[in-house]
Each structure stands twice: as C-alpha cells, then as structure tokens.
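Chain by chain, the residues run as shown.
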Amino acid sequence: MGDATAARAALKQLARVGRTRLAATPTPLVAVPGLAAQLQTAATVHVKADAWTGFGLGGNKVRKLEYELAPKRLEGATDLVTPGGPHSNHCRVAAAAAARLGLECTLVVDGVPENAGRGNAALHRLFGARIVTVEGRSQREAAMEAEARRIATAGGRALVVPLGASTPRGALGYVHALVELHHQLNGAAAWVFVSSSSGGTMAGLVLGCALLGWRPQLVAVSADDPADRIKSVAADLAVKAAKLLCEDAGSGPESAWHADLVERTREAAEAVIATDAFVGPGYGRPTPASDDATLLFARRAGFVLDPFYTAKAAAAMVEWIRDGKLDGVPHVVFLHTGGHPALFR
Ligand SMILES: Cc1ncc(COP(=O)(O)O)c(C=O)c1O
C-alpha cells in the first residue's frame, strides 16, 4: 500500500469509532531552527505542538478524552468520575470536558495540593469539579467505585474514566497524531521524543505506525516509572487498541486483517526505545538537564515546557542530539504533550 493510501485506510477505519470532538487538530508541526543551531545539529528539529490542542488549555489528554467520551458511552451518563494527582493535567481537561458536556465531575485526587489556588489545581476548581481527596494512589480505585455507587444510589450514572484516559479506546486519539505527523513529514525518516507515563499516548502512536507501515523511531521518556514498565504498558495498550479498532470496524479476531494488524502492532511496540534516565530524583522534581531544556526551548524556540513531563522528554532529546546519538537522522520531532499550567502551580 502506498503511503497516502495507507493513511486514508487508517483514517477510514478510525472514523467508524465513536468520538466527541474537542481538540483543535491537526496540530501544527513547527520547525525550530534556532534550537537546532544551538544544538549544532544538521537535522531539522520540529515541535509537534500538541500543547495547542486547545480545549481546557490543551495537551495530550484532549485527544484521548475524545474517544473515552464518545457519544455512545455518554448515553444516560450524568457524571464523570476520574482520578489523578492534585495538579493533574488529565483532571483539568476531564473537568473542562464534563462542563462542556453537561456532566457533573468528581475528581478523585491523591493528596492535597500545596497551593489549590494555582496551576491545574485552581483549574480543577474553576471548571466546577467536586474534589474527593484520598491519601495515596492505591486508594484511588476504591474511592472511584464508591463515588460511582453514590451516584447510582442518587439515580444517576457515572462514566468512570481511568487514569490519564490511558485505555485502549483513549489511545485511539494518538493514532490521529501519528497520521498527522506522517503527512506533515511526508513519510520521511524521523526520531520522535515523547513524555510517557500511563502509556496511552505512546500506545496510539505505536498503533498509528502499524496502521501506516511507517516506522519513525519512537522514544518514550519516562516521567516516573522504570523504562521496561513504560514500554510494556504502552505495548499492551497498543495491542488492545488494535483489537478494539478491528472490532469496532466489524472485523472479528478470525479475520486476516485483524491478526495482521495485531502482529504489526506488536512489532512496532517492540521497536520503541524507552528510557528512565531522565526522571532524576522523582516525578515532578526538576533536574539540571530538565531545567536546561526548559530554558533552551523557551529562549531558542518560544515554547513553554512543564517540569513534570515535557521538560524531561526534552532533556532526553537535547542530550542525545548533543551526544551525537542522532547523527545522520534527517528529522527530530519533539511531541509537545502540554502540561504548561503546572509551571504556575
Ligand atoms: C503533559 C503530559 N505529558 C505527557 C504525559 C504522559 O502521557 P501518557 O500518560 O499518555 O503516557 C502526561 C500524562 O499525564 C502529561 O500530562
């Protein structure tokens, strides 16, 4: 299949899956020659600007929630319940989406924000979410179930969206980003750096590669978990998303197309490079390299990074370019997944 034909077929398949449009897409692919010059690379360095998906101040959660909040799944729903940290980007966009769709929103948040009047914590409240605080991450599941029961007892129905909307369905949102990127780069060879945590973003990109038969080198830069976990979670989600895509399009597990797509998805997932070398002292804690990347992106490209996710993924890209690991690569892409409100936490 030619590139354009593969892209068309992939989009046709995806178009059969229910989706509620929220994101301003396609997001632009922005060349940043000033940053490339500073890094002394001959590669064209680009930013795929998913910080500008727009809705609820943008970022990667918007694409994922479009599928999690598909019209069929909303039928009869009165409430949206979802978990996250006290300054969660996902909770911000989920609360905004609930407001847009006329749902009550309950956020199950592990911990009290240092400053509830700033950053994402302020936005959770601005969008009208009810906040249920639990002590630790391990208590989130039980609290969400309790919230869903409470809502049912009151005669409503809760749509429970798992952490980061990183479900097989949510991952479908990132197939679109990969299809856009393929078109924007004309299918050229590229390395793509992506901040990874709950895995849905990377899973969608992987499935997109399998659908298009395009193999950019995807690099998953962990914000928290060990590299092998980051890679295996994304692989598992990608395979499940491939199966879901086939089933929603009416092609059962017995079809050759289905089996072939699952196989190609496994191969694409295996090819992902995952690194946890940039986490530093922990989730959200800056490192000299992430601080340096934040300044470079601001001063050489006019982009704002966040300390939890994108600054660490950018640090990986900067270091690997400087170390000559990407010599000879024609295009280097930083997928900017957003998170900038956390700068004002
Ligand atoms: C700004 C930002 N970038 C990247 C990620 C990681 O995406 P994923 O959870 O899909 O791996 C997140 C997740 O919360 C995020 O908020």
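Values in this document were obtained by computation on a predicted structure and should not be read as measured data.

1. Things to note about the environment of Val32
With respect to the helices and strands, Val32 occurs in the loop between strand E1 (29-31) and helix H2 (33-38). The buried category is assigned to Val32, whose relative accessible area is 4%. Each C-alpha atom of the pair Val32 and Ala223 lies 24 Å from the other, and the pair is 191 residues apart in sequence.

2. What to know about the side chain of Thr265
Among the secondary structure elements, Thr265 is positioned in helix H11 (residues 256-270). Once you skip the residues sitting within four places of it in the chain, Thr265 turns out to touch Val206, Leu207, Ala210, Ala238, Val239 and Ala242.

3. Observations concerning helix H9 (residues 200-212)
An ideal rise of 1.5 Å per residue puts 18 Å on 13 residues; H9 measures up with 18 Å between its terminal C-alpha atoms. Most of H9 is tucked away: 13 of the 13 residues are buried. Looking one or two residues beyond H9, the residue adopting positive phi is Gly213, at roughly 70°.

4. Observations concerning the state of the cysteines
Under the defined criterion, the tally for this structure stands at 0 disulfides. The structure places no disulfide on Cys209, whose sulfur is separated from the nearest cysteine sulfur, that of Cys246, by 16 Å.

5. Looking at the sheet that holds strand E6 (residues 158-160)
Spatially, 4 strands are ordered E5-E4-E3-E6 in an open sheet, and the strand pairing comes out parallel. Every other strand in the sheet has two partners, leaving strand E5 (130-134) and E6 as the edge strands with one partner each. Strand-to-strand, the axes of this sheet are offset by a mean angle of 25°, without reference to chain direction. For strand E3 (residues 79-84) and strand E4 (residues 104-110), the ladder comprises 6 bridges, and the chain directions are parallel. Paired with Leu80 across the two strands is Cys105, which belongs to E4. Together, E3, E4, E5 and E6 form the strand contacts of helix H7 (residues 140-153), whose direction differs from that of E3 by roughly 170°.

6. Observations regarding the domain arrangement of the chain
Note on interface size: it is often stated as the accessible area lost on association of the parts. Assigned domains within the chain: domain 1 (3-60 + 167-344) and domain 2 (70-160). The straight-line distance from the C-alpha centre of domain 1 to that of domain 2 is 26 Å. Each partner contributes to the interface: domain 1 provides 15 residues, whereas domain 2 provides 17 residues. Roughly 1,300 Å² is buried in total at the junction of domain 1 and domain 2, and carbon and sulfur atoms are behind 62% of that figure. On the domain 1 side of the interface with domain 2, the three residues burying the most area are Thr20, Phe55 and Phe344, jointly 35% of the side's total. Across the contact surface, domain 1 and domain 2 share 0 salt bridges. In this assembly, domain 1 and domain 2 are joined by 3 residue pairs in polar contact (both at pLDDT 80 or more). Here the residues of the side of domain 1 that touches domain 2 are counted per class, giving 8 nonpolar, 5 polar and 2 charged.

About the cut-offs
Residues numbered from 1 in each chain as written. Predicted model: local features only at pLDDT ≥ 70, side-chain atom pairs only at ≥ 80, totals over all residues. Heavy atoms only, no water. Helix = DSSP H or I, 4+ residues; strand = E, 2+ residues; numbered from the N terminus. Buried < 20%, exposed > 50% of the residue type's maximum accessible area, 1.4 Å probe, protein only. Contact = heavy atoms within 4.5 Å. Expected span 1.5 Å × (residues − 1). Disulfide = S-S within 2.5 Å. Pairing = 2+ DSSP bridges. Axes fitted to C-alpha atoms, helices over the stretch in contact; angles between N-to-C directions. Domains from an automatic or database assignment. Buried area = accessible area lost by both parts, 1.4 Å probe. Salt bridge = Lys/Arg side-chain N within 4 Å of Asp/Glu carboxyl O. Polar contact = N/O pair within 3.5 Å; in protein donor to acceptor, adjacent residues only side chain to side chain. Nonpolar A, V, L, I, M, F, W, Y, C, P; charged D, E, K, R; others polar.

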